[in-house]
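Read off the chains here:
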Amino acid sequence: MDIPVPSLVRQATARARREGFSLSCDPAAGRLLAVLAAHLPAGARVLELGTGTGVGTAWIASALLPRADVTVITVEKDPGTAALAAQGDWPGFVELRCADALDVLGEAGRFDLIFADAQGGKWEGLDRTIAALAPHGLLIVDDMTAAPQWDAEQHARQQQVRQALLTSPLLTSVELRHGSGVILSTRHT
């Protein structure tokens, strides 16, 4: 079936392809992000850790349009990659930051939806990401299915993240065999 792809997603995917950026949010995770974002209440706050060229951001923003009552903060550590994302025609509710995810987690408040797709906030500082979730907030972590090219360190880190999310007393979590493997969690209080 040919499923339409939002314009913002097509543009961000084209930027990634043009620049040889291979770490973009995959379409399956993107569609899940879109579903979760579309369900957010008025005044919701969204945080994406690991903007890349903006593919995940584009899925989120596209699902929220034409609303303007939300805030989306997306964080990219690499200045060159952040500059690529900044080329997008983003709605006014999207704020792109070139920063370390762990620094943003320490000062940006609480969020209703967090997409952790960077080392900072996922492999490192996952406890800070969980702390930044508002009560009943949703956390989506992708790349939870091991890839054949991963080294032993990547396998170990992925297992640590899985263990932390699936056993945290603060969260109810489910592991989905979707896209690159997703763990979806919600915070109790």
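A.B. asks: Explain the overall build of the protein residue by residue, including any values.
C.D. replies: Scanning the protein from N- to C-terminus turns up 7 helices and 7 strands. Considering only C-alpha atoms, the protein reaches an extent of 40 × 40 × 40 Å along its principal axes. When each of the 189 residues of the protein is scored for burial, the buried share is 48%. Total accessible area computed for the protein in this model is approximately 9,000 Å², and 55% of it derives from carbon and sulfur atoms. The protein carries 16 positive and 21 negative side-chain charges, and their two centres are separated by 3 Å.

A.B. asks: Please give an account of the packing of aromatic side chains that cites residues and values.
C.D. replies: Following the criterion strictly, the structure yields 0 aromatic pairs and no others. Here the guanidinium or amino end of Arg45 rests over the ring plane of Phe111, the centre of that ring lying 4.3 Å away. A cation sits over an aromatic face here: Lys122 above Trp123, 5.1 Å from the ring centre.

A.B. asks: Summarise the pattern of salt bridges; cite the residues concerned and give the values.
C.D. replies: Considering all chains together, one arrives at 12 salt bridges under this definition. Its salt-bridge partner being Asp69, residue Arg67 comes within 2.9 Å of it at the nearest N-O pair. Judged by relative accessible area, Arg67 falls into the partly exposed class, the value being 23%. Taking relative accessible area as the criterion, Asp69 reaches 31% and is therefore assigned partly exposed. With a closest N to O distance of 2.7 Å, Arg162 and Glu175 form a salt bridge. Linking Arg162 in helix α7 (residues 152-167) with Glu175 in strand β6 (residues 171-176), this pair joins segments that are 13 residues apart in sequence.

A.B. asks: I'd love a proper account of helix α3 (residues 55-64), names of residues and values included.
C.D. replies: Within α3, 9 of the 10 residues are buried, leaving the element largely enclosed by the surrounding structure. Of the surrounding elements, those touching the buried residues of α3 are α1 (7-19), α2 (27-38), β1 (45-49), β2 (71-76) and β3 (94-98).

A.B. asks: Mind laying out the environment of Ala44, listing which residues take part and the relevant values?
C.D. replies: Mapping Ala44 onto the fold places it in the loop between α2 and β1. Spatially, the C-alpha atom of Ala44 lies 24 Å from that of Pro169, the residues being 125 residues apart in sequence.

A.B. asks: Explain the packing of α2 against α3 to me, using residue names and the numbers behind them.
C.D. replies: One way to put it is that α2 packs onto α3 with a least axis distance of 8 Å and a crossing angle of 35 degrees. Crossing hand, α2 versus α3: right-handed. Note on element contacts: α3 touches α2 through Gly56, Trp59, Ile60, Ala63 and Leu64, opposite Pro27, Gly30, Arg31, Leu33, Ala34, Ala37 and Ala38. Its residues assigned to classes, the contact of α2 with α3 comprises 9 nonpolar, 2 polar and 1 charged.

A.B. asks: Please provide a residue-by-residue account of the nonpolar core, values included.
C.D. replies: In terms of nonpolar packing, the biggest core is built from 29 residues, with Cys25, Ile60, Leu64, Val72, Phe93 and Ile140 touching the most fellow members. Of all the elements in the fold, those that place two or more residues in this core are α1, α2, α3, β4 (111-116) and β7 (182-187). Not counting residues up to four positions away in its chain, the partners in contact with Ile60 are Leu33, Ala37, Val46 and Val72. Within the second largest apolar cluster, 24 residues are counted, among which are Leu47, Leu102, Phe111 and Val161.

A.B. asks: I'd like a rundown of the sheet that holds β1, residues and numbers included.
C.D. replies: With mixed pairing, 7 strands are arranged side by side in an open sheet as β3-β2-β1-β4-β5-β7-β6. Each edge of the open sheet is held by one strand with a lone partner, namely β3 and β6. Each adjacent strand pair in this sheet contributes to an overall mean axis angle of 15 degrees, direction not counted. As paired strands, β1 and β2 are joined by 5 bridges and run parallel to one another. Bridge assignment links Leu49 to a residue of β2, and that residue is Val75. In the packing of α2 onto the sheet, contacts are made with β4, β5 (133-141), β6 and β7, and the angle to β5 comes to roughly 165 degrees. Across the face of the sheet, α7 comes into contact with β5, β6 and β7 while running at roughly 130 degrees to β6.

Conventions used here
Residues numbered from 1 in each chain as written. Predicted model: local features only at pLDDT ≥ 70, side-chain atom pairs only at ≥ 80, totals over all residues. Heavy atoms only, no water. Helix = DSSP H or I, 4+ residues; strand = E, 2+ residues; numbered from the N terminus. Buried < 20%, exposed > 50% of the residue type's maximum accessible area, 1.4 Å probe, protein only. Areas by Shrake-Rupley, 256 points an atom, 1.4 Å probe, with all protein chains shown as cover. Lys, Arg positive; Asp, Glu negative; His and termini not counted. Charge placed at Lys NZ, Arg CZ, Asp CG, Glu CD. Phe/Tyr/Trp six-rings, centres within 6.5 Å; stacked < 30°, edge-to-face > 60°. Lys NZ or Arg CZ within 6 Å of the ring centre and 35° of its normal. Salt bridge = Lys/Arg side-chain N within 4 Å of Asp/Glu carboxyl O. Contact = heavy atoms within 4.5 Å. Axes fitted to C-alpha atoms, helices over the stretch in contact; angles between N-to-C directions. Left-handed = near helix turned anticlockwise from the far one by under 90°. Nonpolar A, V, L, I, M, F, W, Y, C, P; charged D, E, K, R; others polar. Core = buried A, V, L, I, M, F, W, Y, C linked by side-chain atoms within 4.5 Å. Pairing = 2+ DSSP bridges.

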